[in-house]
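Tertiary structure, described
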Amino acid sequence: MNKNEVPSIFETFGDARKQGFIAVKNLKDQGKKVVGVFCTYSPVEIILAAGAVSVGICAFSDETIAEAEKVLPKNLCPLIKSSYGFAVTEKCPYMYFADLVVGETTCDGKKKMYELLSEIKNVHVMQLPQTQEDEVSKDLWYKEVLLLKDRIEKDFGITITDEDIKKAIRLKNEERKLLKEFYELSKSCPPPITGAEQLKVLYGSQFKFDIEQKNKELRDTIDKVKTDYANGIENVSNDAKRILITGCPLAGVTEKIVTAIEASGGVVVAYENCIGVKPADRLVDEEGDPYKALAERYLNIGCSVMTPNNKRMELITSLVKEFNVDGVVEMTLQACHTYNIETNTVRELLQKQDIPFITVETDYSTSDVAQLKTRMAAFIEMIS
Amino acid sequence: MKKYFAGIDSGSTMCKSVLFDGETILDINTVKTGWNPKLSSAESLGVLLERNNISKNDVYVSTTGYGREAVDFADYSFTEITCHAYGGIYLIPNIQGIIDIGGQDSKVIEIKNGKVVNFFMNDKCAAGTGRFLSMASETLDIDLKDIDAFSDLSDPVSINSMCTVFAESEIIGLLAMQSDRSKIMAGVLYSIAKKIQQQSSKLDFSEDMPLLMTGGLTISKALIDTIATTIGHEVITHKYALHAGAIGACICANKQLRK
Ligand code: SF4
Ligand code: SF4
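Before going into details, it helps to say that this report is about the structure given with it.

What follows concerns the overall build of chain A. Looking only at helices and strands, chain A has 15 helices and eight strands in total. Relative to its length of 384 residues, chain A is compact, with a C-alpha radius of gyration of 20 Å against a globular reference of 21 Å. Based on the C-alpha atoms only, the size of chain A along its principal axes is roughly 60 × 50 × 45 Å. The burial tally for chain A puts 56% of its 384 residues in the buried class. Sequence-distant contacts, at least 24 apart, represent 74% of the contacts inside chain A between residues at least 6 apart. As displayed, chain A has an accessible area near 15900 Å², and 51% of this comes from carbon and sulfur atoms.

The following block contains the structure:
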């Protein structure tokens, strides 16, 4: 089969996914390279600077889990199983078209899965330090950033100039500022949009590949929301309890949490997640050595794979204040040890600040929808 | 303004209902939930109304429990957590916490100044719930109502699997090794108590005050005592403990009405 043809299994996918898929296929036809990334730690500016497109390939549905479990253990995080499953079944168009897949040594499950994935895909694994403060770790990560640049240059037979990388940093910063401006609209009381709507834009923006065009669309969206709000169009009740979500990456099937909250008199105002605030809240320094600046920006993301993970605690603390949050809901995925263990730290942090907190552990099935609804409704009743 | 409240707690096994006049409980009723929570709720309500000679138009109906969304004839609806808490406060006014073990779930609720401040509820898994206990008693061939007389609490066998499915194989294994059934049964009670402890230990309870246990498993004194020893708190119950959720539904409706 010609690699650029539409395999019929993709036909079964929803429209949104297909839109992006067709866009990727067109880009491939134009000779563009596609790089799949698994994690917020991937410095996508390098990919952009190489003239390639980067796309998130974390999967959020359970349809390929059964297939993945032929190889992977059952008691593994569903995100890992699902993503691997999409790769082996060739059901994810982005994974399918990826010329290179970039992963990091984040959690144990992911890094061991990359070993298996590298049997079927061209995989580059960056060695991510597990701590952020010491010089050895900073230096290691800087070198890993340079190694990624080398790998991409070699694989794609190109050279990334200083000008290329600086331009990519500028564009990406521009996008971050816009994303931030967008989600910060929800600082108003009541927020102009629901949490489900916010998530749709944050998640969807991953699948728009022309970054300048995307930035324009983001600008338009922000302006439109602002105008509507100024004209008194209210989407959310003033009484809705303002919820901050934190925890594992949340999208697709796990949006069941957002649905449960928003059907029970709550509204999600911010996501301290990898689809949410984490990738957008800090910019890359545009002065000085661009690769040093990238290394610094990316290493300081507060994910539970870091020890200690003070950055996450700082971010939660400031979001709670800035967004005037009434309660925090944490979502962890089954068998995600790092987040599940860190729950206790988050609970204690919020207890000290007198902010109500609830944590729910879930997976990619829908069997707990009713139960989640009860727990979220009870939580909202509790803080009302 | 209507005169009465009917609270219906449509649980996974039992549908509990109460009739309340804003201050006192006038009557209670219990029927099996069966396959249709709406039907059993209507039936239970019907019995209460008929027995007390009250017209449907004179009651506010308030529901809670698993089946609450199915009960489309209700005026109010609240979650089990809130209802058990307010029902508990009604029964024992200064209670600091509630342990409720239902057919499908278990929950521990912390109360301060007459309000819910925190709670834990089991995830998807059925460990530590009524279903876990009925699975075990069935495997051991002991009638649920005989658990107290049968369990040998002095020497429980430890059951390590928290998961209902694995615990069942573990019990079968223990039986194959000729372990004493009364000791296995005691082990099952301890395993439920351990699950409750996991939830309660994260909550802030003062040691010298009791917790109230509600729900169907309050029929087992042995279980209540086992939980008390395991969590290190006095655990009390109440003659209306099974109906705490339904009572709470009335209280919450009354509050909402007066808002
Ligand atoms: S949660 Fe952590 S490991 Fe997962 S994508 Fe985000 S940063 Fe990466
Ligand atoms: S959710 Fe947790 S276990 Fe899953 S990939 Fe992310 S860090 Fe790893």
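From this point, things continue past the structure.
Further remarks concern the interface of chain B and chain A. Taken together, the contact pairs 20 residues of chain B with 19 residues of chain A. Both faces considered, chain B and chain A share a buried interface measuring about 1600 Å² in area, 50% of it formed by carbon and sulfur atoms. Seen at the junction of chain B and chain A, the total is one salt bridge. Among the ionic pairs, A:K373 bridges to B:E69, the shortest N-O distance being 3.2 Å. Seen at the junction of chain B and chain A, the total is four residue pairs in polar contact (both at pLDDT 80 or more). Mapped by element, the contributors of at least two residues to the side of chain B that touches chain A are α2 (80–91) and β8 (115–121) of chain B. No other element matches β8(B), which puts seven residues into the side of chain B that touches chain A. Of the residues assigned to the side of chain B that touches chain A, the class counts are eight nonpolar, five polar and seven charged.

All names here are of chain B. Along the polypeptide, T230 turns up in helix α7 (residues 221–231). Residue classification places T230 among the buried residues on the basis of a relative accessible area of 18%. For T230, the contacting residues outside a window of four places in its chain are Y190, A193, K194 and Q197.

Here the focus is the packing of aromatic side chains. On inspection of all chains with the given rule, the structure shows twelve aromatic pairs over all chains. Taking the centre distance of 5.7 Å and the plane angle of 10 degrees together, the rings of A:F21 and A:F97 count as stacked. Residue A:F21 is located in helix α1 (residues 15–29), and its partner A:F97 is located in helix α5 (residues 93–97); the two are separated by 76 residues in the primary sequence. Considered together, A:F21 and A:F97 belong to a single accessibility category, that of buried residues. A ring pair is formed by B:Y76 and B:F78, whose centres lie 6.4 Å apart and whose planes are at 10 degrees; its orientation type is stacked. Three or more aromatic residues joined by ring pairs form one cluster here, namely A:F60, A:Y94, A:Y203, A:F207, A:F209 and A:Y364.

Another point: the environment of B:L203. Residue and element names in this part refer to chain B. When you line up the elements, L203 lands in the loop between α6 (181–200) and β9 (211–214). We classify L203 as buried; its relative accessible area is 8%. In sequence terms L203 and F119 are 84 residues apart; their C-alpha atoms lie 7.6 Å from each other. Once residues lying within four places of it in the same chain are set aside, the contact partners of L203 are V108, I109, E110, N118, F119 and F120.

As a further point, take the sheet that holds strand β3 (residues 25–32) of chain B. All names here are of chain B. The mixed open sheet is built from five strands, whose spatial order is β3-β2-β1-β4-β5. The open sheet has two edge strands, β3 and β5 (76–77), and neither has a second partner. Sheet topology note: the strand β4 (residues 59–64)/β5 ladder contains two bridges and is parallel. Note that in β5 the partner of T63 across the bridge is S77. Those strands touched by helix α1 (residues 37–51) are β1 (4–10), β2 (14–20), β3 and β4, and its axis lies near 145 degrees from that of β3.

In this section: the site of ligand 1. By nearness alone, every residue bordering ligand 1 is listed as A:F38, A:C39, A:T40, A:Y41, A:T106, A:K110, A:P249, A:C274, A:C303 and A:Y339. Its residues placed into classes, the shell around ligand 1 shows seven nonpolar, two polar and one charged.

On to the packing of helix α13 (residues 310–322) of chain A against helix α14 (residues 337–352) of chain A. All names here are of chain A. For the pair α13 and α14, interaxial distance at closest approach is 11 Å and the crossing angle is 45 degrees. Here α14 runs oblique to α13, going by the angle between their axes. Crossing angle aside, the handedness with which α13 passes α14 is right-handed. Each of R312, M313, I316, T317 and V320 in α13 lies in contact with α14, whose residues at this interface are Y339, E342, T345, V346, L349 and L350.

Residues and elements named next belong to chain A. Relative to the 32 Å expected for 22 residues at 1.5 Å per residue, helix α7 (residues 135–156) spans 32 Å between its end C-alpha atoms, a close match to the ideal helical length. Along α7, the positions that sit buried rather than exposed are S137, W141, Y142, E144, V145, L148, K149, I152, E153 and F156. Taken together, the buried residues of α7 touch β1 (34–37), α2 (44–49), β3 (100–104), β4 (123–126) and α12 (290–299). Once α7 ends, the next one or two residues include G157, with phi positive near 60 degrees.

Residues and elements named next belong to chain A. Judged by side-chain charge, E174, D285, E286, E287 and E296 come together as a negatively charged surface patch. Tracing the chain through its elements places E174 in helix α8 (residues 162–183). Overall, the relative accessible area of 37% leaves E174 in the partly exposed class.

Along the polypeptide, A:T106 turns up in the loop between β3 and α6 (108–117). Once you skip the residues sitting within four places of it in the chain, A:T106 turns out to touch A:C39, A:Y41, A:L128, A:Q130 and A:V305.

Parameters at a glance
- What you see as residue numbers is a count from 1 along each chain, following the sequence as written.
- Ligands are numbered from 1 and chains lettered from A, in the order in which they are written.
- Residue-level local features of this predicted model are given only where pLDDT is at least 70; pairs of side-chain atoms are given and counted only at 80 or more, and the full residue set underlies all totals for whole chains, interfaces and linings.
- To get the side-chain values, all heavy atoms of the structure are used, and hydrogens and water are removed first.
- Numbered from the N terminus, helices here are DSSP runs of H or I no shorter than four residues, and strands are runs of E no shorter than two.
- We compute the radius of gyration over the C-alpha atoms and compare it with the globule rule, which gives 2.2 Å times the number of residues raised to the power 0.38.
- Classification of residues uses two cut-offs on accessible area relative to the type maximum, computed with a 1.4 Å probe and protein chains only: under 20% is buried, over 50% is exposed, and between them is partly exposed.
- Throughout, a residue-residue contact means that at least one pair of heavy atoms, one from each residue, lies within 4.5 Å.
- In this description, accessible areas are obtained by the Shrake-Rupley approach with a 1.4 Å probe, and a residue is regarded as covered only by the protein chains that are shown.
- Throughout, the accessible surface (probe 1.4 Å) given up by two parts as they are put together, summed over both, is called the buried area.
- For this analysis, a salt bridge means a side-chain nitrogen from Lys or Arg found within 4 Å of a carboxyl oxygen belonging to Asp or Glu.
- Distance and chemistry together define a polar contact, namely a pair of N or O atoms within 3.5 Å, with one atom able to donate a hydrogen and the other to accept it when in protein, and with adjacent residues in sequence counting only for side-chain atoms on both sides.
- Classification convention: Asp, Glu, Lys, Arg as charged; Ala, Val, Leu, Ile, Met, Phe, Trp, Tyr, Cys, Pro as nonpolar; all other residues, Gly among them, as polar.
- In summary, the pairing rule links any two rings of Phe, Tyr or Trp, Trp by its six-membered ring, whose centres are within 6.5 Å, and it sorts them by plane angle into stacked for under 30 degrees, edge-to-face for over 60 and tilted for everything else.
- Being paired, for any two strands, means DSSP has found at least two bridges between them.
- Note on geometry: axes are C-alpha line fits, over the in-contact stretch for helices, and angles between N-to-C directions span 0 to 180 degrees.
- A single heavy atom is enough: if one lies within 4 Å of a molecule or strand, its residue is considered near that molecule or strand.
- Each angle gets one of four labels, with under 35 degrees taken as roughly parallel, over 145 as roughly antiparallel, 65 to 115 as roughly perpendicular, and the rest as oblique.
- Helix crossings get a hand from a simple test, with the near helix turned counterclockwise from the far one by less than a right angle marking a left-handed crossing and a clockwise turn marking a right-handed one.
- Expected span of a helix: the number of residues minus one, times 1.5 Å.
- Patch membership requires over 30% relative accessible area and the absence of a salt bridge. Like charges are linked within 9 Å, and nonpolar side chains (Val, Leu, Ile, Met, Phe, Trp, Tyr) within 5 Å.
- Lys and Arg are tallied as positive, Asp and Glu as negative. Neither His nor the chain termini are counted.
- Note on charges: their place is set at NZ of Lys, CZ of Arg, CG of Asp or CD of Glu.

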